[in-house]
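One letter stands for each residue in the lines below.
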Amino acid sequence: MAESRVDSAPAPARVRRGLLVLASALAAIAVCGLTLWAGGAADVVSVPGIPAPPPVVAWLVPALRLVADAAAVLTVGCLFGAVVLVPGDTVLSTAGYRWVRLAGWGAVVWALTSLASLPVLLADFLGTGFSAISLRGVWSFVESVEQGRNLVVVAALAAVVAAFARTVLHPAGARVLLFIALAATVPPAFTSHSADKADHNLAVTAVVLHVLGVVLWAGGLLALMLAARLSGPARVTAVERFSRLALPLAVVVGGSGVVTAYTRFSSPDQLLDTGYGAVLLAKVAAFVGLLALAAWHRRRTLPALRAGHPRMFLRLAGAEAVLFAATIGLAVGLARTPTPPPVVDANAAAAPAEQLHILPTAVTSPHDHSCVKDLSPLGCAAWRLRWTGTNWLLTRRIPTLSSALVDDRKPIPCP
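Residues numbered from 1 in each chain as written. Predicted model: local features only at pLDDT ≥ 70, side-chain atom pairs only at ≥ 80, totals over all residues. Heavy atoms only, no water.

### Looking at the pattern of salt bridges
Two side chains of opposite charge can pair, provided their charged atoms sit close to one another. Scanning the model with the defined rule gives three salt bridges in all. A salt bridge links D124 to R336, with the shortest nitrogen-to-oxygen separation between them at 3.2 Å. Of this pair, D124 sits in helix α3 (residues 94-126) while R336 sits in helix α11 (residues 311-336), and the two are 212 residues apart along the sequence. What makes R336 buried here is its relative accessible area of 5%. Close ionic contact of E240 with R306 constitutes a salt bridge, the shortest N to O distance being 2.6 Å. Separated by 66 residues along the polypeptide, E240 in helix α8 (residues 232-264) and R306 in helix α10 (residues 275-306) bring together distant segments of the chain. (Salt bridge = Lys/Arg side-chain N within 4 Å of Asp/Glu carboxyl O. Helix = DSSP H or I, 4+ residues; strand = E, 2+ residues; numbered from the N terminus. Buried < 20%, exposed > 50% of the residue type's maximum accessible area, 1.4 Å probe, protein only.)

### Notes on the environment of L245
When you line up the elements, L245 lands in helix α8. Sequence separation between L245 and V84 is 161 residues; the distance between their C-alpha atoms is 9.8 Å. Filtering out sequence-adjacent residues up to four positions away, L245 remains in contact with F80 and V84. (Contact = heavy atoms within 4.5 Å.)

### Describing the packing of aromatic side chains
The final tally for this structure, using the stated rule, is four aromatic pairs. Aromatic pair W217 and F324: ring centres 5.0 Å apart, planes at 90 degrees, arrangement edge-to-face. Of the two residues, W217 sits in helix α7 (residues 200-226) while F324 sits in helix α11, which places them 107 residues apart along the sequence. An identical accessibility class is assigned to W217 and F324; each is buried. What links up through ring pairs into an aromatic cluster is the set W217, F287 and F324. (Phe/Tyr/Trp six-rings, centres within 6.5 Å; stacked < 30°, edge-to-face > 60°.)

### Considerations on helix α5 (residues 146-164)
Between its first and last C-alpha, α5 extends 27 Å over 19 residues, near the 27 Å set by a 1.5 Å rise per residue. Considered for burial, the residues of α5 that qualify are Q147, G148, N150, L151, V154, A155, A158, V161 and A162. In an axial view of α5, the angular spread of the buried residues amounts to 160 degrees, which keeps them on one side of the axis. Among the structural elements, α2 (55-85), α3, α4 (135-144) and α6 (171-184) are those in contact with the buried residues of α5. (Expected span 1.5 Å × (residues − 1). Arc of directions from axis to C-beta.)

### Considering the packing of α2 against α11
At a closest axis distance of 10 Å, the pairing of α2 and α11 adopts a crossing angle of 140 degrees. Judged on the interaxial angle alone, α11 and α2 are oblique. Both α2 and α11 take part in a crossing whose hand is right-handed. Contacts between α2 and α11 pair A58, V61, P62, R65, L66, D69 and V73 from the former with I328, G329, V332, A335 and R336 from the latter. Taken together, the residues of the contact of α2 with α11 sort by class into eight nonpolar, one polar and three charged. (Axes fitted to C-alpha atoms, helices over the stretch in contact; angles between N-to-C directions. Parallel < 35°, antiparallel > 145°, perpendicular 65-115°, else oblique. Left-handed = near helix turned anticlockwise from the far one by under 90°. Nonpolar A, V, L, I, M, F, W, Y, C, P; charged D, E, K, R; others polar.)

Right under this line is the structure:
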């Protein structure tokens, strides 16, 4: 296989890549912030007896999630490039070697961001500032709450990738790292909105496939854009391989997205009448735009690239990367947007008020309403608020009594 040249990249190329990364970051941040504001996720309402977190905490949660998602895309995409796009024979190709090293830096950011999210999420759950968060409280959060445990798992897997990315020289080792990185993207799916639906298995499976498809599709494109020394026949080979894989990845992303939407809406009207539906429609529009750019790639830019004119490909791929970044910003904002409340039938609506009263005994088993295993009575009450339609962020469920975590006492399990 033809190798890439080893001379340093020209300064204009480095400037263009830097501008591309900056534009993508700004697009993701702007779209995420707009989504949080428009979808109502930024308007955290304090429910009597359940305090709301300060604004800095409410905004730090999606900010850290956005950084972690970007780092995951970079890590998986670079390893995907090293394993699939330009794999080399017995040793990694020059581009593959540099991709693996870049993936290691992405994994470092991914691991650190996941760990930094622990105290922020705890403060968000408890509706308090950072001054009330202790190390033992964070440890109790990790021990008792699935979301905390999943973040630790993600950080550990990302740390493994970061450690071994400095020493891997062969395609087999890069394949192992790619598998570990893909595994690190899975745990958050079990604490997403879909993990709280009646169609639990279907919803979680759809989210897992959706995440895997996105990180491979967006990550592969990002890897091609950041390959400073990939040129000539090696670039053509890599782009052609990515183009052949982009279509099935797009099918996975689109199909899993449809299934996920099906599990989150109980009425078609909610797609137009709720903030969650509006954000989802914006995400669908972005997905259609990505498909249009991918089709343009196949028709116009690939022939030009084969003819030795890569400029058109680089421009269009840059636009696609920015649109992907904006779509990821939409996804982060969507994850913080309250899901539509279930449609209650007439008989349920006419039920006596005392039957809808918030009580610890409202949750009778760990599987009722997908209640987290170690929810306290206050946590169960918070879940009932969300389940009965109160516009209160799902991610602010309180899994343990505030005093139990802040005062370093053992969490009280749900009856």
